[in-house]
Amino acid sequence: MTLHKLLPVAVATLATAAYAARPMNTDDARIVDAKACQLESWVKSPKGHTEFWAQPACNFTGNLELTMGGALSRENGSTRGSAQMLQGKTLFKTLETNGWGWGLAAGMSRDPRRDAGGGHDMYAYVPVSWSLADDKVVLHTNLGWLREQGTRSNHLTWGLGSETQLRERTWLIAETYGQGSGKPLVQVGMRYWVVPDRVQIDATYGNRLGEGNQRWFSLGLRLLTPSFLP
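Residues numbered from 1 in each chain as written. Predicted model: local features only at pLDDT ≥ 70, side-chain atom pairs only at ≥ 80, totals over all residues. Heavy atoms only, no water.

### Here's the deal with the pattern of salt bridges
- Per the counting criterion, the structure on display carries 7 salt bridges.
- In this structure, the salt-bridge partner of Asp202 is Arg22, at a minimum N-O distance of 2.6 Å. Linking Asp202 in strand 11 (residues 199-208) with Arg22 in the loop between helix 1 (13-16) and strand 1 (37-46), this pair joins segments that are 180 residues apart in sequence.
- Looking at Asp202, the relative accessible area reads 5%, which means it is buried.
- The exposure class assigned to Arg22 is buried, which follows from its relative accessible area of 6%. (Salt bridge = Lys/Arg side-chain N within 4 Å of Asp/Glu carboxyl O. Helix = DSSP H or I, 4+ residues; strand = E, 2+ residues; numbered from the N terminus. Buried < 20%, exposed > 50% of the residue type's maximum accessible area, 1.4 Å probe, protein only.)

### Let's talk about unusual backbone geometry
- Even without being a glycine, Asp134 presents a positive backbone phi close to 60 degrees.
- Locating Asp134 in the fold gives a position in the loop between strand 6 (120-132) and strand 7 (137-148).
- Not every positive phi belongs to a glycine, and Asp197 is a case in point at roughly 65 degrees.
- Looking at the secondary structure, you find Asp197 in the loop between strand 10 (185-195) and strand 11.
- Here Asp197 falls in the exposed class, since its relative accessible area comes to 52%.

### Overview of the state of the cysteines
- Enumeration according to the criterion identifies 1 disulfide in this entry.
- Disulfide pairing is shown between Cys37 and Cys58; the S-S distance is 2.0 Å. One quick way to see it: the torsion about the S-S bond of Cys37 and Cys58 is about 105 degrees, and its sign makes the bridge right-handed. You can see Cys37 sitting in strand 1 and its partner Cys58 sitting in strand 2 (residues 50-59), a full 21 residues away along the chain. Here Cys37 and Cys58 have matching classes, each one buried. (Disulfide = S-S within 2.5 Å.)

### Description of the side chain of Arg191
- In this fold, Arg191 is placed in strand 10.
- On the basis of relative accessible area, Arg191 is assigned to the buried category, the value being 4%.
- Of note is the side chain of Arg191, whose polar atom sits 2.9 Å from the backbone oxygen of Arg22. (Polar contact = N/O pair within 3.5 Å; in protein donor to acceptor, adjacent residues only side chain to side chain.)

### Examining the pairing of strand 1
- Across 8 bridges, strand 1 lies against strand 2 in antiparallel orientation. What sits directly across from Trp42, in strand 2, is Trp53.
- Once strand 1 ends, the chain turns through 3 residues before running back antiparallel as strand 2, passing Gly48 with a positive phi of about 95 degrees.
- The pairing of strand 1 with strand 12 (residues 216-224) spans 9 bridges and is antiparallel. By the bridge assignment, Ser45 is partnered in strand 12 with Phe217. (Pairing = 2+ DSSP bridges.)

### Focus: the packing of aromatic side chains
- What the rule picks out here adds up to 4 aromatic pairs.
- Where Tyr123 meets Tyr125, the ring centres are 6.3 Å apart and the plane angle is 20 degrees; that geometry is what we call stacked. The residues Tyr123 and Tyr125 share a single accessibility class, namely buried.
- Measuring from centroid to centroid gives 5.2 Å for Tyr205 and Phe217, while their planes differ by 50 degrees, and the two rings are tilted. Of this pair, Tyr205 sits in strand 11 while Phe217 sits in strand 12, and the two are 12 residues apart along the sequence.
- Owing to a relative accessible area of 47%, Phe217 belongs among the partly exposed residues under this scheme.
- Taking NZ or CZ as reference, Lys44 lies 4.4 Å from the ring centre of Trp216, over its face. (Phe/Tyr/Trp six-rings, centres within 6.5 Å; stacked < 30°, edge-to-face > 60°. Lys NZ or Arg CZ within 6 Å of the ring centre and 35° of its normal.)

Put into structure tokens, the structure is as follows:
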């Protein structure tokens, strides 16, 4: 439940969703349970390289989720660190069944590759979620701001997404998100609870709208703990 600057195929991601529950990039108005943690990890394969992501998050206080993570990228037979991110997220209205909720997230991300511009990008966004049909359908919107330090430019970021329950443990996700005036990214996928509320797997396909050369696939694993922090 936790946004981001991804590698070139999804440069809007960190700023529009660092991060909704895997596999969504559009963030939700939910956080990890109080005194609990989660680990989201996934493999993503844009054209020409492969990314390996890991993002642990914990809620130490009851209403502040802290996320820190990063990625390794494998390209042309070599592996190197590709990105890091740090984010805090809080809620002003908790999402309830057949209700709505909203919050605020802010953080920074860095892509150390020379062609990424350098520096730490800063971002903030407001996630808003609506529950429909007794939580069987949940809609999300994001509106935010991204400051790219490498180019010293500011961008509007946005996201629209949905989660639809197909069976007791199976969900369909669909979303579109982007930044500035560029063409938006779209993604569709499935998530499945292997162990309800504890272990989840997912798979997605995405691309930039109107372009066929920026497609990607991803496979993910999400682990959630019960409350255990002091």
